[in-house]
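Architecture and fold: a report
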Amino acid sequence: MNRPDAGVTPPPGSWRLSWALGERDYSILIERRACFVCLGLLAALLAVSLLSLCLGTLTLSPREALAGVFGYGDPVSAFVVQELRLVRLAAGVATGAAFSLSGCLMQTLARNRLATPGIVGIDNGATAFAVASVVGLGTSLAPPPMALAGAATATAITFALANDVGTRGYRFIVTGIGVGAVFGALTQLLMARVAIDTANAAYPWTVGSLNARDGAALVWLWCGLAIGLVVACYLSRAMRILRFSDAVAQGLGYRVRACRYTALVVSVALAALAVAVAGPVGLVGLIGPEIARQLSSHRGVSLIASALSGAIVMVAADLVGRLLLAPIEVPVGIVTAIVGAPFLLWILLRPAPRFQS
Amino acid sequence: MLVLLASLLLVGVTSLLLGAGDVGPLDAWSVLTGGGSDEARFVVESLRLPRTLIGVAVGMALGVAGSLIQAVARNPLAEPGLLGVSAGSALAVAIALVLGASAATLRISVAQLGALAGCLFVLTMARVNGVGNDPVRLVLAGAILSGLLGALTSLLLLVDQRSADEIRFWVIGSLAGRRLEDLRAILPSLLFAGVLIVAIARPLAALALGERVAVGLGHHPRWIRLLCVIAVAVLVGAATAVAGPIAFVGLVVPFVARALAGPDIRRTLWLTLPLGPIMILSADILARLLVAPSEMPLGVITALVGAPVLIAVVRAHRLPAL
């Protein structure tokens with residue numbers, strides 16, 4: 001027992017996990033509050049998911065829904081749960097988590113609370129390219145790689161234009177809005193050029209809906225999300241330091257540039273893959289991190305909590321959209337826009353704004 | 001000014017000559033010089049002529065409204081479409097349709113009321129915590145507001161299929177299929193706004209020098225602002241009622257006018273009169289030609305032109321103060 005820090009008490013409010021591996025000792029600090037917040041969010045996510053499995057045109061009791069998930073019980077309800085609602089739920093959880101994680105990463109690296117991929121035009125770029133893929137223009141790749149290409153293009157343009165105004169202020173955001181407007185117009189242009197059936201096939205991408213998810217894109221998204229979560233956990237310490245000035249981060253031994261680029265790549269890729277599944281529902285990327293921030297302490301950037309709350313928001317918004325005008329389904333993009341816009345205004349208008357994440 | 005008028009004439013004639021149908025430029029030209037087949041005569045006189053005239057009216061209304069709202073907000077980025085004024089009038093029309101109205105004249109007054117509400121809301125917002133002092137922040141607030149209003153409009157259209165079919169093409173902004181009656185219906189509003197503007201142009205120019213200067217010169221800033229907002233709402237409401245929400249015209253036109261004539265609003269207002277129609281008509285010609293047999297929304301073209309201008313203004317190291 002010659003651990004160098006064995007006798008040191010961990011800082012208040014956190015646990016230390018330490019173990020020995022070969023010659024070396026490792027230990028990590030786990031913040032107690034973050035643990036509880038994540039567990040609470042996970043429980044809430046499970047509850048919302050269960051609701052989303054139960055409610056719909058055919059209302060099931062929780063017991064029936066759970067029986068359906070595992071394949072026994074009434075064949076009709078099993079079919080509804082397994083074939084319809086479970087896939088939709090998987091799409092909702094994954095897109096919500098991806099949008100939210102991507103928003104949180106970009107807010108942190110741009111040091112700007114409003115800088116989420118949805119607002120600075122990256123979602124629109126991904127949408128334009130995904131629509132191009134659906135309407136069969138030029139080289140027709142599947143939507144996910146096309147969305148990745150579009151998001152990368154939009155990011156390159158926005159950040160290049162922001163090069164001399166910096167990413168911190170509102171000018172960056174409005175530049176992004178302009179880039180987004182151009183890509184939105186391009187999407188419309190593409191939709192206007194093709195036959196009406198093809199345009200209808202591409203329509204869900206332009207409003208944001210979980211209705212027309214296709215299997216391949218969902219698999220892409222889950223793989224991307226798994227990789228993204230691992231990278232995010234690895235980066236979480238660096239992200240915490242990135243909130244300070246570059247000089248401080250560098251002095252503490254972080255390679256600021258490398259960290260920032262990694263975070264940017266993960267953020268853009270996640271946003272693009274999520275767009276390929278559900279279309280631009282970018283406001284989730286703003287609401288999710290904000291909820292997580294309100295729940296967590298100010299010490300860390302709560303990446304995991306952001307992903308969880310984003311998933312909750314997405315599933316809940318989809319549920320509301322399905323139930324609100326029962327036979328008609330309100331696209332989830334409209335629900336999040338109506339809920340998210342007042343929230344954005346509040347961020348913008350509240351007194352003494354602190355725009356650092 | 002003469003050059004602008006000449007180019008307006010040129011664009012107008014081009015808009016009469018070119019189109020999606022079988023009637024080519026030569027046929028249309030022979031109609032203009034007094035001859036031509038019956039078919040060509042019909043196409044030019046009852047389809048392209050109303051469209052061109054309405055384009056001129058809408059362009060003037062949007063260009064002037066952009067100039068005015070920029071003067072009131074003292075913000076080179078303020079624009080009826082970006083600030084949510086057009087979205088407000090679109091939402092008002094959607095509400096009226098869902099409640100069962102469908103008369104064309106009703107649509108205009110309702111659209112103007114909606115525009116007024118949107119205008120007042122965004123300018124009130126500008127007073128909260130000094131958002132108005134930062135031009136870029138005001139635009140952001142307006143963009144959020146128009147996103148919200150747009151989502152509400154889509155929600156209403158989902159609820160009510162009948163009105164959705166009635167206004168689906170209108171809600172994305174286009175000049176296609178408008179008749180001369182539409183123009184006649186908005187003419188009184190345009191004249192009213194014109195009189196209002198003549199009355200407030202001089203005080204507005206004084207207001208540009210600062211609140212105190214304007215008061216010292218014997219003007220009443222509050223009244224000027226209120227009248228100006230009313231004029232903007234009347235103009236934008238009328239334009240939106242005819243052509244649907246079209247963004248970015250009110251941004252680009254005053255921008256060009258200021259570049260040509262300097263900051264005095266009494267001079268830029270004159271220049272916006274030909275500049276607005278030039279932009280709208282050229283965009284409309286492109287919208288007809290780019291996807292030849294069908295048409296595309298006018299707002300797409302104006303966005304493709306306008307968004308780069310927005311970015312350029314934002315990136316200017318020092319925002320030109322108004």
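Residues numbered from 1 in each chain as written. Chains lettered and ligands numbered in written order. Predicted model: local features only at pLDDT ≥ 70, side-chain atom pairs only at ≥ 80, totals over all residues.

**Observations regarding the overall build of chain A**
To keep it simple, the criterion reads: Secondary structure is summarised from DSSP: a helix means a run of H or I of at least four residues, a strand means a run of E of at least two, and numbering begins at the N terminus for each. As a rule, residues whose C-beta atom has 12 or fewer other C-beta atoms within 10 Å are exposed, those with 20 or more are buried, and those in between are partly exposed; C-beta atoms are placed from the backbone. Once C-beta atoms are placed from the backbone, any two residues with those atoms within 7 Å are in contact.
Along chain A, the regular secondary structure elements total 13 helices and 2 strands. Residue burial in chain A is summarised as follows: out of 357 residues, 51% are buried. Sequence separation of 24 or more characterises 72% of the internal contacts of chain A that already satisfy a separation of 6 or more.

**As for the overall build of chain B**
If you tally the helices and strands in chain B, you get 13 helices and 0 strands. Split into buried and exposed, the 322 residues of chain B put 53% on the buried side. When contacts within chain B are restricted to residue pairs at least 6 apart in sequence, long-range pairs at least 24 apart make up 77% of them.

**Observations regarding the confidence of the model for chain A**
So the rule is basically this: A residue's pLDDT is the confidence the predictor assigns to it, expressed on a 0 to 100 scale.
When pLDDT is averaged along chain A, the result is 80, and 89% of the positions lie at 70 or above. Below a pLDDT of 50 lies the segment residues 353-357 of chain A, which in the model reaches 10 contacts outside its immediate sequence neighbourhood of four places, other chains included.

**A short note on helix H10 (residues 221-243) of chain B**
Because an α-helix completes one turn every 3.6 residues, residues spaced three or four positions apart along the sequence face the same direction. Heads up, the rule is: Residue count minus one, scaled by 1.5 Å, sets the expected span of a helix.
A rise of 1.5 Å per residue sets the reference length of H10 of chain B, with its 23 residues, at 33 Å; its end C-alpha atoms lie 32 Å apart and thus fit the reference within 8%. Positive backbone phi, at 80°, marks Gly244 of chain B, one or two positions downstream of H10 of chain B.

**Quick notes on the packing of helix H12 (residues 265-290) of chain B against helix H13 (residues 298-315) of chain B**
Residues and elements named next belong to chain B. Under the convention used in this document: With axes taken as lines fitted to C-alpha atoms, and helix axes fitted only over the stretch in contact, angles between N-to-C directions fall between 0 and 180 degrees. Between 65 and 115 degrees an angle is taken as roughly perpendicular, under 35 as roughly parallel, over 145 as roughly antiparallel, and anywhere else as oblique. Take the far helix as the reference: if the near one is turned anticlockwise from it by less than a right angle, the crossing is left-handed, and if turned clockwise, right-handed.
In the contact formed by H12 and H13, the axes pass within 9 Å of each other and the chain directions differ by 120°. Our classification of the angle between H12 and H13 gives oblique. The hand of the H12/H13 crossing is right-handed. Across the interface between the two elements, Ala283, Asp284, Leu286 and Ala287 from H12 touch Leu298, Ile301 and Thr302 from H13.

**Topic: the interface of chain A and chain B**
Test applied: Put simply, Ala, Val, Leu, Ile, Met, Phe, Trp, Tyr, Cys and Pro go in the nonpolar bin, Asp, Glu, Lys and Arg in the charged bin, and everything else, Gly too, in the polar bin.
At the interface, 29 residues of chain A touch 32 residues of chain B. Put simply, the parts of the chain that give the side of chain A that touches chain B at least two residues each are helix H6 (170-193) and helix H13 (332-349) of chain A. With 15 residues, H6 of chain A is the single largest residue contributor to the side of chain A that touches chain B. Split by residue class, the side of chain A that touches chain B holds 23 nonpolar, 4 polar and 2 charged.

**Quick word on the pairing of strand E2 (residues 24-31) of chain A**
The side chains of a regular strand alternate, residue by residue, between the two faces of the sheet. All names here are of chain A. For the record, the criterion: Strands are labelled as partners when DSSP assigns at least two bridges between them.
A small share of E2 lies buried, amounting to 0 of its 8 residues. By the bridge criterion, 8 bridges tie strand E1 (residues 14-21) to E2 in an arrangement that is antiparallel. By the bridge assignment for E2, Ser18 is matched with Ser27. With antiparallel pairing between neighbouring strands as the criterion, E1 and E2 make up a hairpin whose turn holds 2 residues, including Gly22 at a positive phi of roughly 65°.

**Here we look at the nonpolar core**
To keep things clear, this is the line we draw: For the purposes of this analysis, a nonpolar core is taken to be any set of buried Ala, Val, Leu, Ile, Met, Phe, Trp, Tyr and Cys residues that are connected through C-beta atoms within 7 Å.
Core analysis: the largest hydrophobic core is formed by 215 residues, its most contacted members being Ala147 and Ala272 of chain A together with Val232 and Leu235 of chain B. Sort the elements by how many residues they give to this core and helix H3 (residues 75-110) of chain A lands first, with 15 residues. Counting residues in each nonpolar core, the second largest holds 6 residues, with Leu16, Ala28, Val43 and Val44 of chain B among its members.

**Description of the environment of Val277 of chain A**
Residue and element names in this part refer to chain A. Tracing the backbone through its elements, the reader meets Val277 in helix H10 (residues 256-278). Taking the number of C-beta atoms within 10 Å as the measure of exposure, Val277 has 29 and is therefore buried. Along the backbone, Val277 and Leu210 are 67 residues apart, and their C-alpha atoms lie at a distance of 7.5 Å.

**Thoughts on the environment of Leu109 of chain A**
All names here are of chain A. Relative to the assigned elements, Leu109 resides in helix H3. Linking Leu109 and Tyr261, residues 152 residues apart in sequence, is a C-alpha distance of 8.8 Å. In this view, Leu109 contacts Leu242, Arg260, Ala263 and Leu264; residues no more than four positions away in its chain are not counted.

**Examining helix H5 (residues 143-161) of chain A**
Residue and element names in this part refer to chain A. Between the first and last C-alpha of H5 there are 27 Å, a value that for 19 residues agrees with the 27 Å anticipated at 1.5 Å per step. For H5, the full list of buried residues reads Pro143, Pro144, Met146, Ala147, Leu148, Gly150, Ala151, Ala154, Thr155, Ile157 and Thr158. The elements touched by buried residues of H5 are helix H4 (122-134), H6, helix H8 (215-242) and H10.

**Brief notes about the packing of helix H4 (residues 85-98) of chain B against H10 of chain B**
All names here are of chain B. Two elements in contact, H4 and H10, have axes whose closest approach is 9 Å; the angle formed by their N-to-C orientations is 55°. When the axes of H4 and H10 are compared, the pair comes out oblique. The chirality of how H4 crosses H10 is right-handed. Residues Val85, Ser86, Ser89, Ala90 and Val93 of H4 pack against Val236, Gly237, Thr240 and Ala241 of H10. For the contact of H4 with H10, the class distribution of residues is 5 nonpolar, 4 polar and no charged.

**Considerations on unusual backbone geometry**
Residue and element names in this part refer to chain B. Despite not being glycine, Phe248 shows a phi value in the positive range, around 80°. Along the chain, Phe248 falls in the loop between H10 and helix H11 (249-261). Judged by local crowding, Phe248 falls into the buried class, with 29 C-beta atoms found within 10 Å.

**Describing the confidence of the model for chain B**
Chain-level pLDDT for chain B is 80 on average; 86% of the residues reach the 70-or-more range. If you check the scores for this complex, the pTM reads 0.83 and the ipTM reads 0.78.

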